[in-house]
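# Structure at a glance
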Amino acid sequence: MDAATLLDPVALAIVAGGTLAATALRGPFADTAAAFRALPLLFGGRFDYGRARAELAGAERVVGTRGPLAADPLAIRDPDVAAIVEAVAAGADPDSVERLLAARRAARRERHMIVQDWWAAAADAAPAMGMVGTLFGLIRLFREMTDPAAIGAAMAVALLATLYGAVLANLVATPIAARLQRLSRAEEEARAALVPPARAFAARERPPGRRPRSAA
């Protein structure tokens, strides 16, 4: 089969454009932008715990030799490690550091869920847009019954719209949502392992009974 027979710009515009519009209108534009910004994560976007742990260890060495204010959070690539260093430099105790990381995990989980829900919504909308394209093609078909040359084009829109909707839902949007969900779950599990060394770091820099530097 010639691949060109499976391409119809009208059907593609109805399904792809309709799916995008229907999904984007469910929330603010920021959600749509975040959904597309997350796509590069599908290709090697897994959280690197080893690198984050090495950054934390490097910050600990700097603090241990030159003092808490010597470590520069802006030079640290991982945001959680940067937040840990900044909190410890401010005199946070281990419990405060753990609460900080828990709050960051909750905020991150919410951001990830917004993106996952966007792609899941796109998977729900695509078949419906395929049906819209099919109805559009059938309307054209019945209007052009006296023109044999136009009947084929109308039938192509009707059939290919259904195909595009099924492909977009089952081979694009659903796999993206599922993979992002797996990556998010793996990252949360890996980041939870940062809590014990972060608590130990804070405990070394602020022994029990020592007041935060900001309150001194």
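Scroll up a little and you will see the structure.
No experiment lies behind these values; they were computed from the predicted model shown. (Residues numbered from 1 in each chain as written. Predicted model: local features only at pLDDT ≥ 70, side-chain atom pairs only at ≥ 80, totals over all residues. Heavy atoms only, no water.)

Tallied over the entire structure, the rule returns three aromatic pairs. The interplanar angle of 65 degrees and the centroid separation of 5.5 Å between the aromatic rings of phenylalanine 36 and tryptophan 119 together place this pair among those described as edge-to-face. Of this pair, phenylalanine 36 sits in helix H2 (residues 29–37) while tryptophan 119 sits in helix H5 (residues 94–143), placing them 83 residues apart in sequence. In this structure phenylalanine 36 comes out as partly exposed when scored by relative accessible area, which is 39%. By relative accessible area, which is 7% here, tryptophan 119 ends up buried. Aromatic side chains tryptophan 118 and tryptophan 119 sit 4.9 Å apart centroid to centroid with 75 degrees between the ring planes, which places their arrangement in the edge-to-face category. (Phe/Tyr/Trp six-rings, centres within 6.5 Å; stacked < 30°, edge-to-face > 60°. Helix = DSSP H or I, 4+ residues; strand = E, 2+ residues; numbered from the N terminus. Buried < 20%, exposed > 50% of the residue type's maximum accessible area, 1.4 Å probe, protein only.)

Turning our attention to the environment of aspartate 48. Tracing the backbone through its elements, the reader meets aspartate 48 in the loop between H2 and helix H3 (49–66). Considering only alpha carbons, one finds aspartate 48 and arginine 191, 143 residues apart in sequence, at a separation of 9.3 Å. Separated by 3.2 Å, the side chain of aspartate 48 and the backbone nitrogen of glycine 50 make a polar contact. From its side chain, aspartate 48 meets the backbone nitrogen of arginine 51 in a polar contact 3.2 Å long. (Polar contact = N/O pair within 3.5 Å; in protein donor to acceptor, adjacent residues only side chain to side chain.)

Moving on: the packing of helix H1 (residues 9–24) against helix H6 (residues 148–192). Interaxial distance between H1 and H6 falls to 8 Å at its minimum, and their mutual angle equals 40 degrees. In terms of orientation, H1 lies oblique with respect to H6. The crossing of H1 and H6 is right-handed. Where H1 abuts H6, its residues Val10, Ala11, Leu12, Val15, Ala16 and Thr19 lie against Val157, Leu160, Ala161, Tyr164, Gly165 and Leu168. (Axes fitted to C-alpha atoms, helices over the stretch in contact; angles between N-to-C directions. Parallel < 35°, antiparallel > 145°, perpendicular 65-115°, else oblique. Left-handed = near helix turned anticlockwise from the far one by under 90°. Contact = heavy atoms within 4.5 Å.)

Here we come to H1. For H1, spanning 16 residues, the distance from its first C-alpha to its last is 21 Å, which sits close to the expected 22 Å at 1.5 Å a residue. Every buried residue of H1 is accounted for by Ala11, Val15, Gly18, Thr19 and Thr23. Projected onto a plane normal to the axis of H1, the buried residues spread over an arc of 115 degrees and lie on a single side. In this structure, the buried side of H1 is in contact with H5 and H6. Where H1 starts, the residue carrying a side-chain oxygen 3.1 Å from the main-chain nitrogen of valine 10 turns out to be aspartate 8. (Expected span 1.5 Å × (residues − 1). Arc of directions from axis to C-beta.)

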